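Tertiary structure, described
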Amino acid sequence: MKIGVISLGCTKNLVDTETFLGVLNKQGNEFVEYVSEADLLLINTCGFIESAKQEAIDTIFNVVNEKKKDAKIVVVGCLPQRYKEDLIKLIPEVDRFISISEYNDFSKIIDEVMGKPATLGLPLSCLNRVLTTPSHLAYVKISDGCNNKCHYCAIPLIRGEFKSRPKEDIIKEVNGLVEMGVKEIVLISQDTTRYGSDIYQDYTIANLLKDLLKNEDLYMLRLLYLYPDEITDELIDTFAENSRLASYFDIPIQHASDKVLASMNRRSKNKLTENIIAKIRKKVPNAILRTTVIVGYPTEEEKDFQELLKMVKKVKFDRLGAFIFSSEEGTEAARLYPDLIDKKICEERYDRLMSLQRDISLQQNKKKVGNIYDVIVEDYDFSKKKYIGRSYMNASDDVDGYIYFSSNHVLKTGEIVKVKITEADYYDLIGKIVS
């Protein structure tokens, strides 16, 4: 059977898709690139915010229009988890919607859709997945769900309560990926800093990092999504003491006004976050700091927004992404704050923030000129006639920009080279390879 797969949304969703591919591969199926070639089309959806939901709906309708006559469509993921009954009525052309709570029966459901005899089914497992990332990179999901209950966030409604994977399972997976030749492992979850708190008494994310780094063949380990008030001294020290742990701190602060943070049901406060960042920069001088913030939250007044601008100026995040508040049904924010800030005000605040960050980003990048970094080769840009690469400073999710560099000899994707930075742009760095 020929199968086409489309994965939307975050990297956590991508890992789910790769586990589906693992089961489908074991069943002896063939994967195809084009919708028109497939006997079965699997679409993994995101339902986190309005734009993601719209992208998912548009994708499903596009597949309905492009598929061959007898091909089946199966839609999985966050969208059916939230809106399954509505989707069945809205898009009857889809043969089956599979919610997250049904994932344990995935292979049996696929057999049913394709009219195959009932089987015991194959289990989904991160230890048996088909990587869709470049061969030098892999994401490893260490937990699922979230207990933070931020008022604006639908993740607990979709993914449920926080649940860590057993450490033995994660270590086995990472060691297996390294044996396959993967150079960079990226640990992900909704809340990585909480890892282990639900299943262990005395085993933290810092312990897990140390255990994973015992594999000396692992080139680089990266950790994403750190909740500010869960960043301990032990965790910071772990970064400071391990050169193969990327000095990269992805800390979504969401806002800087204590009033707005309280209305978001965030535990962190401005001063706490600033103190943590100061401690990181003291103990890990080469640290890269990334954050995300929300503008236009219903309780945000101009003075609150000014507090956010003040903090961004003071901290000087290397990377900052911003989102305009999206009211999600079922969340506390939607219930508590039905009256939203005018869209034009939200957009104006967003533009002011990103204009400020653009200048900060350039300042931070200029500090890198003259430095030499180990860079993983990602691709070649024929228009610029330069290779595209990433160092520890660049996460692999297309958010952080790249390092563009020239080389007098041909390089392979995944190769690690030393690059001297010669120029700085707002988001990218330019350099040349050094021997």
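Summary of the structure given here.

The rules behind the values
- Residues numbered from 1 in each chain as written.
- Predicted model: local features only at pLDDT ≥ 70, side-chain atom pairs only at ≥ 80, totals over all residues.
- Heavy atoms only, no water.
- Helix = DSSP H or I, 4+ residues; strand = E, 2+ residues; numbered from the N terminus.
- Rg over C-alpha atoms; globule rule 2.2 N^0.38 Å.
- Buried < 20%, exposed > 50% of the residue type's maximum accessible area, 1.4 Å probe, protein only.
- Disulfide = S-S within 2.5 Å.
- Pairing = 2+ DSSP bridges.
- Axes fitted to C-alpha atoms, helices over the stretch in contact; angles between N-to-C directions.
- Contact = heavy atoms within 4.5 Å.
- Phe/Tyr/Trp six-rings, centres within 6.5 Å; stacked < 30°, edge-to-face > 60°.
- Expected span 1.5 Å × (residues − 1).
- 1 Å grid on protein atoms, 1.4 Å probe; cavity = no way out; pocket = protein on both sides within 12 Å on 5 of 7 lines; lining within 4 Å.
- Points joined across faces, edges and corners; volume = space filled by probe spheres on them.
- Nonpolar A, V, L, I, M, F, W, Y, C, P; charged D, E, K, R; others polar.
- Parallel < 35°, antiparallel > 145°, perpendicular 65-115°, else oblique.

Here we take up the overall build of the protein. Counting its secondary structure elements, the protein contains 13 helices and 18 strands. Taking 22 Å as the expected radius of gyration for a compact globule of 435 residues, we find that the protein reaches 22 Å, a close match to that expectation. Here the C-alpha coordinates of the protein stretch approximately 60 × 60 × 50 Å along the principal axes. Within the protein, buried positions represent 54% of all 435 residues.

Within the structure shown, the criterion is met by zero disulfides. Left unpaired, Cys-126 is separated from the closest cysteine sulfur, that of Cys-10, by 13 Å. We note that Cys-146 lacks a disulfide partner, and the nearest cysteine sulfur, in Cys-150, lies 6.3 Å from it.

Taking strand neighbours across the sheet as the criterion, the three strands line up as β6-β9-β10 in an open arrangement whose pairing is parallel. Single-partner strands in this sheet number two, and they are β6 (137-141) and β10 (220-223). Averaged over all adjacent pairs, the angle separating strand axes in this sheet is 25 degrees, with direction ignored. As judged from the five bridges shared by β6 and strand β9 (residues 184-188), these two strands associate in the parallel manner. Its bridge partner being in β9, Leu-137 is matched across the sheet by Glu-184. Of the strands in this sheet, β6 and β9 are in contact with helix α1 (residues 11-26), which crosses β6 at around 95 degrees.

Before going further, it helps to spend a moment on the packing of aromatic side chains. One pass over the structure, following the stated rule, counts 11 aromatic pairs. Pairing Phe-239 with Phe-249 gives two aromatic rings, centres 4.3 Å apart and planes at 35 degrees, and the pair type is tilted. With a gap of 10 residues between them, Phe-239 in helix α8 (residues 233-241) and Phe-249 in strand β11 (residues 248-250) connect regions that are remote in the sequence. With a relative accessible area of 2%, Phe-239 lands in the buried category. The class of Phe-249 is buried, set by a relative accessible area of 0%. Here Tyr-373 and Tyr-392 contribute two aromatic rings whose centre-to-centre distance is 6.4 Å and whose plane-to-plane angle is 55 degrees, an arrangement assigned as tilted. Residue Tyr-373 is located in strand β14 (residues 372-381), and its partner Tyr-392 is located in the loop between β15 (386-390) and β16 (403-406); the two are separated by 19 residues in the primary sequence.

Looking now at α1. Taking 1.5 Å per residue, 16 residues should reach 22 Å; α1 reaches 23 Å between its end C-alpha atoms and fits that length. Of all 16 residues that make up α1, 14 are buried, and the element is covered over most of its length. Looking one or two residues past α1, Gly-28 carries a phi angle of roughly 85 degrees, positive in sign.

What follows concerns the pairing of strand β18 (residues 429-434). Both β16 and β18 contribute to a ladder of four bridges, which runs parallel. Residue pairing in the sheet places Phe-405 in a bridge with Gly-431 of β18. The turn linking strand β17 (residues 416-424) back onto β18 is made up of four residues.

Take a probe with the size of a water molecule and roll it over the atoms, and the empty space left behind shows itself. Volume-wise, the second largest pocket comes out at about 770 Å³. Broken down by element, the lining of the second largest pocket gets its largest block of residues, four residues, from α1. Here the lining of the second largest pocket is composed, by residue class, of 10 nonpolar, eight polar and eight charged.

Here the structure, examined in full by the defined rule, presents one cavity of 30 Å³ or more. Of the volumes computed, that of the largest cavity is approximately 50 Å³.

Once that is clear, we can look at unusual backbone geometry. Positive phi, close to 55 degrees, is recorded for Lys-149, a residue that is not glycine. In this fold, Lys-149 is placed in the loop between β7 (143-144) and α5 (155-159). Residues other than glycine seldom take positive phi values, yet Gln-254 does so here, at roughly 70 degrees. Note on Gln-254: relative accessible area 10%, which makes it buried.

Within strand β12 (residues 288-295), seven of the eight residues are buried, which leaves the element mostly enclosed by the surrounding structure. Inspection of the sheet shows β11 paired to β12 by three bridges, in the parallel sense. Bridge pairing in β12 places Tyr-248 opposite Ile-288. Summarising the sheet, β12 and strand β13 (residues 319-324) pair through six bridges and their orientation is parallel. Within β13, the position partnered with Thr-291 by the bridge is Leu-320.

Read around the closed barrel, five strands run β14-β15-β16-β18-β17, paired in mixed fashion. Neighbour-to-neighbour, the strand axes of the sheet open up by a mean angle of 55 degrees, direction not taken into account. As paired strands, β14 and β15 are joined by five bridges and run antiparallel to one another. Opposite Ile-376, over in β15, you have Arg-390 as the bridge partner.

The next thing to look at is the packing of helix α11 (residues 302-315) against helix α13 (residues 343-366). At a minimum axis distance of 10 Å, the contact between α11 and α13 shows a crossing angle of 10 degrees. What the angle tells us is that α11 and α13 run roughly parallel. Residue-level inspection shows Glu-302, Phe-305, Gln-306, Leu-308, Leu-309, Val-312 and Lys-313 of α11 in contact with α13, the latter providing Arg-349, Arg-352, Leu-353, Leu-356, Gln-357 and Ile-360.

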